[in-house]
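Each chain, letter by letter, is given below.
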Amino acid sequence: EAQVTQNPRYLITVTGKKLTVTCSQNMNHEYMSWYRQDPGLGLRQIYYSMNVEVTDKGDVPEGYKVSRKEKRNFPLILESPSPNQTSLYFCASSSIAQNQPQHFGDGTRLSIL
Amino acid sequence: AQKVTQAQTEISVVEKEDVTLDCVYETRDTTYYLFWYKQPPSGELVFLIRRNSFDEQNEISGRYSWNFQKSTSSFNFTITASQVVDSAVYFCALSEASSNQFYFGTGTSLTVIP
């Protein structure tokens, strides 16, 4: 089954404790992306990647890191999480970038205390 | 400036009514792509439609229809004879050929009352 898998689905942690949210897709997609969803703000793109070893900042990259060492994986790293990073996070993938619909994971709800 | 504006934050309709969700976008590119996604209460994001800037034909898929007008930079979504299962948050999104970024609107929460 074609899918984008995010882990964990839920996480409650404390300020400053490094965490990683994993994202994996099995569709051989070149393009992968991370979004955060906040009430009243919709989805905002954090980082995206056009292919292995190619990553770029989206609209809200501050406080986040990503890596793309393999085509299928695109982890989101919060080196020193803060409460304002409490949000619902989605990973997405698509073949090519601009004109293809993205397939989304089920989301990861992060709470930073 | 917001590239995608969904001015309607929340809409409530009674079942079987028609409803239109508005989407206005802003871009200087001549080549761009527009999308609609649905997020039901279960939380997943479901792709509904994609349109490129060169194709202004309106599209109908069952009870769903989309009206793309470049002259007003709008890509509106109409649900005919709404059903309770249409209750969801709907997002409009833009992707520009000059950039590899996606821009989403703030979403419209639709509630269909039985």
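Everything numeric here is computed off the predicted structure, so don't read it as measured data.

## Observations concerning the pattern of salt bridges
- The final tally for this structure, using the stated rule, is nine salt bridges over all chains.
- One network of salt bridges, in which partners are shared, links K18(A), K65(A) and E79(A).

## Observations regarding the pairing of strand β11 (residues 108–112) of chain A
Residue and element names in this part refer to chain A.
- Alternating positions in β11 separate cleanly, T108, L110 and I112 being buried on one face and R109 and S111 remaining unburied on the opposite face.
- Sheet topology note: the strand β2 (residues 10–13)/β11 ladder contains four bridges and is parallel. Bridge pairing links T13 to I112 in β11.
- Pairing of strand β9 (residues 87–94) with β11, which is carried by three bridges, proceeds in the antiparallel orientation.

## Observations regarding the interface of chain A and chain B
- Contacts between the two partners involve 22 residues from chain A and, on the opposite side, 21 residues from chain B.
- For the chain A and chain B pair, buried surface summed over both sides reaches about 1800 Å², with 55% attributable to carbon and sulfur atoms.
- Seen at the junction of chain A and chain B, the total is zero salt bridges.
- Where chain A meets chain B, there are five residue pairs in polar contact (both at pLDDT 80 or more).
- When contributions to the side of chain A that touches chain B are tallied by element, the ones reaching two or more residues are β4 (31–38) and β5 (42–51) of chain A.
- It is β5(A) that provides the largest number of residues to the side of chain A that touches chain B, a total of five residues.
- The residue makeup of the side of chain A that touches chain B, split by class, is ten nonpolar, nine polar and three charged.

## Some points on the sheet that holds strand β1 (residues 4–7) of chain A
- Strand order in this open sheet of four strands is β1-β3-β8-β7 (chain A), and the pairing throughout is antiparallel. Here the strands that pair on one side only, and so sit at the sheet edges, are β1 and β7 (65–66) of chain A.

What counts, and where the lines are drawn
- Residues numbered from 1 in each chain as written.
- Chains lettered and ligands numbered in written order.
- Predicted model: local features only at pLDDT ≥ 70, side-chain atom pairs only at ≥ 80, totals over all residues.
- Heavy atoms only, no water.
- Salt bridge = Lys/Arg side-chain N within 4 Å of Asp/Glu carboxyl O.
- Buried < 20%, exposed > 50% of the residue type's maximum accessible area, 1.4 Å probe, protein only.
- Helix = DSSP H or I, 4+ residues; strand = E, 2+ residues; numbered from the N terminus.
- Pairing = 2+ DSSP bridges.
- Contact = heavy atoms within 4.5 Å.
- Buried area = accessible area lost by both parts, 1.4 Å probe.
- Polar contact = N/O pair within 3.5 Å; in protein donor to acceptor, adjacent residues only side chain to side chain.
- Nonpolar A, V, L, I, M, F, W, Y, C, P; charged D, E, K, R; others polar.

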